Amino acid sequence: MKATYLTPAASIAEYVQEILVIEHFRVTTPFVLPIFANGMPTLLFQTAGGQIGNATNNLTLFGQTVFPDTLTITENFTLIAYFFKPYALNTLFGVSARELTDSPIDLNLLPAPVRAGLQEQLLNAATSAEMMALLDKYILSLTTKIKTDVRIIKYAVEKIAGAPSKKNLAEVQQELYMTGRTFQRLFEKNIGIVPTQYRRISQFNAAFRQLNGRRFKSLTDLSFHHGYADQSHFIRTFKEFTALTPGEYLAYTGA
């Protein structure tokens with residue numbers, strides 16, 4: 001199995017954070033990919049149908065993931081995930097970000113102008129490079145139809161993700177001269193979750209990336225570095241978003 005993270009093309013980088021490509025051509029037992037909170041809506045394509053909950057799709061659009069889930073694939077496959085900036089879901093696809101929170105949907109259920117025959121094109125592509133070229137072209141076409149101004153929500157999510165503390169969250173709201181209710185409605189419409197939940201996910205994701213990269217001396221140091229009250233606080237949060245403790249996750253991934 002080969003997994004690679006890629007930087008998006010400049011033409012779509014305002015809306016796409018990163019791209020993950022996994023190629024697995026020797027699947028002998030079911031491949032299970034954990035799906036954890038990372039603050040990023042996602043467009044996920046697999047050449048083989050993947051099961052999430054009771055649904056099996058090739059092309060799935062995710063909103064915010066709060067509760068952990070899994071994707072299971074039983075055949076050889078190429079998987080490509082486009083991780084979007086948090087504000088991109090409503091902007092690009094014209095769907096309610098709130099409705100897709102913890103409720104991924106088959107892209108083929110969206111109106112024809114939005115899905116644009118993408119799945120058939122991808123399934124007919126011969127290589128992962130061809131698939132990404134199709135996905136880049138598709139997303140670029142969506143950006144040309146944007147009618148909303150995303151500058152305010154873009155500023156808010158980038159500022160919060162950059163320093164996901166309760167103090168910074170309050171400062172961002174004050175800087176935007178918004179009441180708490182207006183600020184909450186802005187997030188629910190464009191991000192799919194309330195600002196406090198987005199802050200917690202951003203905090204968790206920063207810690208998760210450091211832990212996943214094995215760049216820490218101890219869980220206590222990692223916990224304090226990312227603003228958790230103590231190691232127990234971090235472990236509780238980690239289990240909330242992954243259904244595993246940090247130790248169980250590291251054992252699961254072979255650390």
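Definitions and limits used
- Residues numbered from 1 in each chain as written.
- Predicted model: local features only at pLDDT ≥ 70, side-chain atom pairs only at ≥ 80, totals over all residues.
- Heavy atoms only, no water.
- Axes fitted to C-alpha atoms, helices over the stretch in contact; angles between N-to-C directions.
- Helix = DSSP H or I, 4+ residues; strand = E, 2+ residues; numbered from the N terminus.
- Parallel < 35°, antiparallel > 145°, perpendicular 65-115°, else oblique.
- Contact = heavy atoms within 4.5 Å.
- Nonpolar A, V, L, I, M, F, W, Y, C, P; charged D, E, K, R; others polar.
- Salt bridge = Lys/Arg side-chain N within 4 Å of Asp/Glu carboxyl O.

Right, let's get into the packing of helix α5 (residues 151-162) against helix α7 (residues 180-190). Packing of α5 against α7 leaves a shortest axis separation of 11 Å and a crossing angle of 95 degrees. By the angle between their axes, α5 is roughly perpendicular relative to α7. Contact residues: Ile152, Ile153, Ala156, Val157 and Ile160 in α5; Phe183, Leu186, Phe187 and Asn190 in α7. Tallied by class, residues from the contact of α5 with α7 come to eight nonpolar, one polar and no charged.

Turning our eyes to something else, we now look at unusual backbone geometry. Located in the positive-phi region is Arg214, a residue other than glycine, with phi close to 55 degrees. Turning to its location among the elements, Arg214 is positioned in the loop between α8 (195-212) and α9 (219-225). At Ala243, a residue that is not glycine, the phi angle is positive and equals roughly 70 degrees. Summarising the element assignment, Ala243 is placed in the loop between α10 (231-242) and α11 (246-252).

The subject of this paragraph is the pattern of salt bridges. Enumeration over the complete set of coordinates arrives at six salt bridges. Salt bridges sharing common partners tie together Arg98, Arg181 and Glu188.

So yeah, pure geometry; function would need other evidence.
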